Amino acid sequence: MNEPALLELAASLAESAGREILAVRAAGFTIDSKSDDSPVTRADMNAERIILAGLREATPDIPVIAEEEVAAGRLTDPGPRFWLVDPLDGTREFAAGRDEFAVCVGLVVEGRVRLGAVGAPAQSTIYGGIVGQGAWRQTAVGRESIAARRPPAEGITVYASRHYADDPKLAEYLARYKIAHLTNIGSALKFCRLAEGVADFYPRLGRTMEWDTAAPQALLEAAGGRVVTMDDQPMTYGKHGFENPHFLCFGRD
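Definitions and cut-offs
- Residues numbered from 1 in each chain as written.
- Predicted model: local features only at pLDDT ≥ 70, side-chain atom pairs only at ≥ 80, totals over all residues.
- Heavy atoms only, no water.
- Phe/Tyr/Trp six-rings, centres within 6.5 Å; stacked < 30°, edge-to-face > 60°.
- Helix = DSSP H or I, 4+ residues; strand = E, 2+ residues; numbered from the N terminus.
- Buried < 20%, exposed > 50% of the residue type's maximum accessible area, 1.4 Å probe, protein only.
- Expected span 1.5 Å × (residues − 1).
- Polar contact = N/O pair within 3.5 Å; in protein donor to acceptor, adjacent residues only side chain to side chain.
- Pairing = 2+ DSSP bridges.
- Axes fitted to C-alpha atoms, helices over the stretch in contact; angles between N-to-C directions.
- Contact = heavy atoms within 4.5 Å.

### Points about the packing of aromatic side chains
Within this structure, the stated rule accounts for ten aromatic pairs. Relative to Phe94, the ring of Phe29 has its centre 4.7 Å away and its plane inclined at 20°; by these criteria the two rings are stacked. Here Phe29, found in the loop between α1 (3-27) and β1 (31-33), pairs with Phe94, found in helix α4 (residues 91-95); they are 65 residues apart in sequence, far enough to count as distant. Its relative accessible area of 1% is what places Phe94 among the buried residues. With a centroid separation of 5.9 Å and an interplanar angle of 50°, the aromatic rings of Tyr173 and Tyr177 are classed as tilted. Given a relative accessible area of 27%, Tyr177 falls into the partly exposed group.

Following this line, the structure appears as structure tokens:
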């Protein structure tokens, strides 16, 4: 299966998982806690089952690392090429009744993100991109190309995490920039805002895991943006424990 076909597979599964998430929300759900005290719901579990079944049937030769499987202790050797899945990124937002949640399906090759699909179920939108080949956004009216923008002269638009909005380290870091607007939202949608040219900068000074970032990083890089660690190095994948360092996301330079 070539890369465009792999992206279409990821996008289709993200869309199917998103429909299931919305169905669970409409029916009502309870919130449980995992061993690290992070929340999990039936929507997370059902969405992951849909994605895993689809990926493993269509691409049995590509290992899959998925958030809820890892949380349950089911670990897979990633190998040189592997899928990373976050079936419901932004569970806190979902549980709080907000629309800031996403479905993330990304492919890593030799430690670097290669392609990814990000579903925004509450907005009926799917984003997709292949690094070096461009990015797109699909809504009810069709699919269109998207691209990151260059920072405007009047100052940058920053999207930052809702849950780190009061972190003094974030305020200290942002003081070095000329900022026109600052918005705090949850989930991978922050990457999407940069990829579609709505925002310019997303600093992440809090904890994330590889399945949180693989698909949206691929999307942003496909749209002409970049993601680097705090020492300006590429963010790589397949790390021990799958935990990311702090990182910075930029639109087009």
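Next, the rest of the story.
### Let's talk about α1
The end-to-end C-alpha separation of α1 is 36 Å, in line with the 36 Å expected for 25 residues at 1.5 Å each. Of the residues making up α1, those classed as buried are Leu6, Leu7, Leu9, Ala10, Ala11, Leu13, Ala14, Ala17, Gly18, Ile21 and Val24. Its side-chain oxygen 2.9 Å from the backbone nitrogen of Ala5, Asn2 forms the N-cap of α1. Of the residues flanking the end of α1, it is Gly28, one or two places downstream, whose phi is positive at about 95°.

### Things to note about the environment of Gly79
Structurally, Gly79 is set in the loop between α3 (67-71) and β4 (81-89). Owing to a relative accessible area of 34%, Gly79 belongs among the partly exposed residues under this scheme. Put simply, Gly79 and Glu110 are 31 residues apart on the chain and 8.3 Å apart in space, counted from C-alpha to C-alpha.

### Describing the sheet that holds strand β5 (residues 102-109)
Read across the sheet, seven strands follow the order β3-β4-β5-β6-β7-β8-β9 without closing on themselves; strand pairing throughout is mixed. The open sheet terminates on both sides in strands that have one partner only, identified here as β3 (64-66) and β9 (142-146). Between one strand axis and the next, the sheet turns by 20° as a mean value, whatever way the strands run. For β5 and strand β6 (residues 112-120), the ladder comprises seven bridges, and the chain directions are antiparallel. Its bridge partner being in β6, Gly106 is matched across the sheet by Gly116. Helix-sheet contacts for α1 involve β4, β5, β6, β7 (125-130), β8 (134-139) and β9, and the interaxial angle to β6 is about 35°. On the sheet, helix α2 (residues 42-58) packs against β3, β4 and β5 and is oriented at approximately 155° with respect to β4.

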